[in-house]
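Observations on chain architecture
Given next are the chains, with one letter for each unit.
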Amino acid sequence: MKIGTAVLAVLSAASAYGAEGFGVPRTFVAQRSSLTSLAMSTKEKEATDEKKKDAPPVNIGWDSHKAVEAVPESLVREGESGPDGNYPMRAKFEKMCREAQLKITKAIEDIDGKATFQEDAWVRDNGGGGMSRVLADGNVFEKAGVNLSVVYGSMPQEALQAATERGVDRAKGYKPGERVPFFACGLSSVMHPKNPHAPTMHFNYRYFETDGGVWWFGGGTDITPSYVNEEDMKHFHGTYKEVCDKHDPEFYPKFKEWADRYFVIQHRNETRGLGGIFFDDLNDRDPDTIFEFSKEALNSVVKAYGPIVEKHKDDDFTEQEKRWQLMRRGRYVEFNLVYDRGTVFGLKTGGRIEIILMSLPETARWEYNMQPEEGSPEADFIDACKHPREWV
């Protein structure tokens, strides 16, 4: 999710420095390893090697993903059901994500009427893997993707902090500097229609655990149009208000405000789009209760988004409106590459790059100091991004 130069910097750093992390050149790592080996007794070295073999991977690895013809029935390690005292949530959450992936991609194919989703599946030696389903160059959608990931690994505590709500301690039980073994499962998606009057939509629903026994849910669905359409926003936000109200009347106002706060392009002082719901670090009640909320929110994606795309996919548009859409996509890229937690998490834990960057549109535009004309629809949209509105 960070601008091209930032991504290149991360990749360059990973290439130039050793696998133990940024900051120690490979040549120095090699020298240090050599000196350490000389100082160790045979017994000490054997004990160290055995410990390393059993430890979670320091980094999942940029190229640790092995393509497979068919994904296993489950990507969750057999017999694992979460930390002591928790429910068997890992396999349950994966199953929910798989079912939603098929349902949502089928609905999008029906709306598009031309393109179909290409599926890739992969696994990792240490467990986990994923399925990506990506559609390109359709009648309606320039690009759409719905991706499932199941991840086992370990991460620096700073990466864990970057992936969660600021100020929340998810490294409970670990000493400063220790890497945190974790499990994560999630389904994420971005849809980029061709028509400037049909909004982009994003969702992500996820479940995390650490080996320290900490667990939480996160997720949300948000919409990024290029123009304000009050009727569309009432439908989208109204759908999610209904879902939230069914589970907790406090959810919608809280999660709507959270989305308005989270999806801010800070260097421009405007939101990426017109919001939705967003929540993170949710573990304040029984996990099955939160699971049911996450499930209904995920299964409401088509109901909230599908009718809006159907309504606008064939709208007439001008060259100026298309140009404005591409500029708003540029803003989308800026947020995803600079601020999005999922991107930071994926890059810092060695995720599959094609999936991490799948959210980016195929085309975008940047113009120097472009200011919309006062009183124009474009200016109204910017106002809505600078001053989030209540839609329902």
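An account of the accompanying structure is given in this report. (Residues numbered from 1 in each chain as written. Predicted model: local features only at pLDDT ≥ 70, side-chain atom pairs only at ≥ 80, totals over all residues. Heavy atoms only, no water.)

This part covers the packing of helix α4 (residues 89-112) against helix α9 (residues 301-312). Relative placement of two packed helices is described by the angle separating their axes and the distance separating the axes. Orientation of α4 relative to α9, taken along the N-to-C sense of each, is 10 degrees, at an axis distance of 11 Å. Here α9 runs roughly parallel to α4, going by the angle between their axes. Where α4 abuts α9, its residues I104, A107 and I111 lie against V301, V302, G306, V309 and E310. The residue makeup of the contact of α4 with α9, split by class, is six nonpolar, one polar and one charged. (Axes fitted to C-alpha atoms, helices over the stretch in contact; angles between N-to-C directions. Helix = DSSP H or I, 4+ residues; strand = E, 2+ residues; numbered from the N terminus. Parallel < 35°, antiparallel > 145°, perpendicular 65-115°, else oblique. Contact = heavy atoms within 4.5 Å. Nonpolar A, V, L, I, M, F, W, Y, C, P; charged D, E, K, R; others polar.)

The next point concerns the pattern of salt bridges. Evaluation of the coordinates by the stated rule reveals 30 salt bridges. For R285, the salt bridge identified is with D284, shortest N-O distance 3.0 Å. Here R285 falls in the partly exposed class, since its relative accessible area comes to 27%. Judged by its relative accessible area of 49%, D284 falls in the partly exposed class. Here D380 makes a salt bridge to R389, at a shortest N to O gap of 2.8 Å. Each of R206, D280 and R341 takes part in salt bridges that share partners, so that together they form one network. (Salt bridge = Lys/Arg side-chain N within 4 Å of Asp/Glu carboxyl O. Buried < 20%, exposed > 50% of the residue type's maximum accessible area, 1.4 Å probe, protein only.)

With that out of the way, let us pick up unusual backbone geometry. Of note, the phi angle at D137 is positive, near 55 degrees, even though the residue is not glycine. Here D137 lies in the loop between β3 (128-136) and β4 (141-155). Even without being glycine, N269 reaches a positive phi, approximately 55 degrees. One can find N269 in the loop between β8 (264-265) and β9 (270-271). With a relative accessible area of 55%, N269 lands in the exposed category.

Further remarks concern the packing of aromatic side chains. Geometrically, a pair of aromatic rings is defined through the distance of the ring centres and the angle of the planes. Under the counting rule described, the total for this entry stands at 23 aromatic pairs. Summarising the aromatic geometry, the rings of Y205 and F279 are spaced 6.4 Å apart at their centres and angled 50 degrees between planes, so their arrangement reads as tilted. Residue Y205 is located in strand β6 (residues 200-210), and its partner F279 is located in strand β10 (residues 276-282); the two are separated by 74 residues in the primary sequence. Across this residue pair, the class does not change: Y205 and F279 are buried. Both rings, one in F263 and one in F335, keep their centres 5.5 Å apart while their planes meet at 45 degrees; by these two values the pair is tilted. Taken together, the residues F263 in the loop between α7 (251-262) and β8 and F335 in helix α10 (residues 319-338) connect sequence positions 72 residues apart. Of the two residues, F263 and F335, neither departs from the other in class, the shared state being buried. Feature note: the residues F203, Y205, F251, F255, W258, Y262, F263, F278, F279, F293, F335 and Y339 constitute an aromatic cluster, connected by ring pairs. The residue whose ring lies beneath K92 is F291, and the NZ or CZ to ring-centre distance is 4.5 Å. Its end group placed over the ring of W122, R352 keeps NZ or CZ at 4.5 Å from the ring centre. (Phe/Tyr/Trp six-rings, centres within 6.5 Å; stacked < 30°, edge-to-face > 60°. Lys NZ or Arg CZ within 6 Å of the ring centre and 35° of its normal.)

Next up on the list: the packing of α4 against helix α8 (residues 287-298). Running from amino to carboxyl end, α4 crosses α8 at an angle of 10 degrees, the nearest separation of the two axes being 11 Å. Comparing their axes, α8 and α4 come out roughly parallel. When α4 is examined against α8, the residues M89, K92, F93, M96, A100 and I104 are found in contact with a partner set consisting of P287, D288, F291, S294, K295 and L298.

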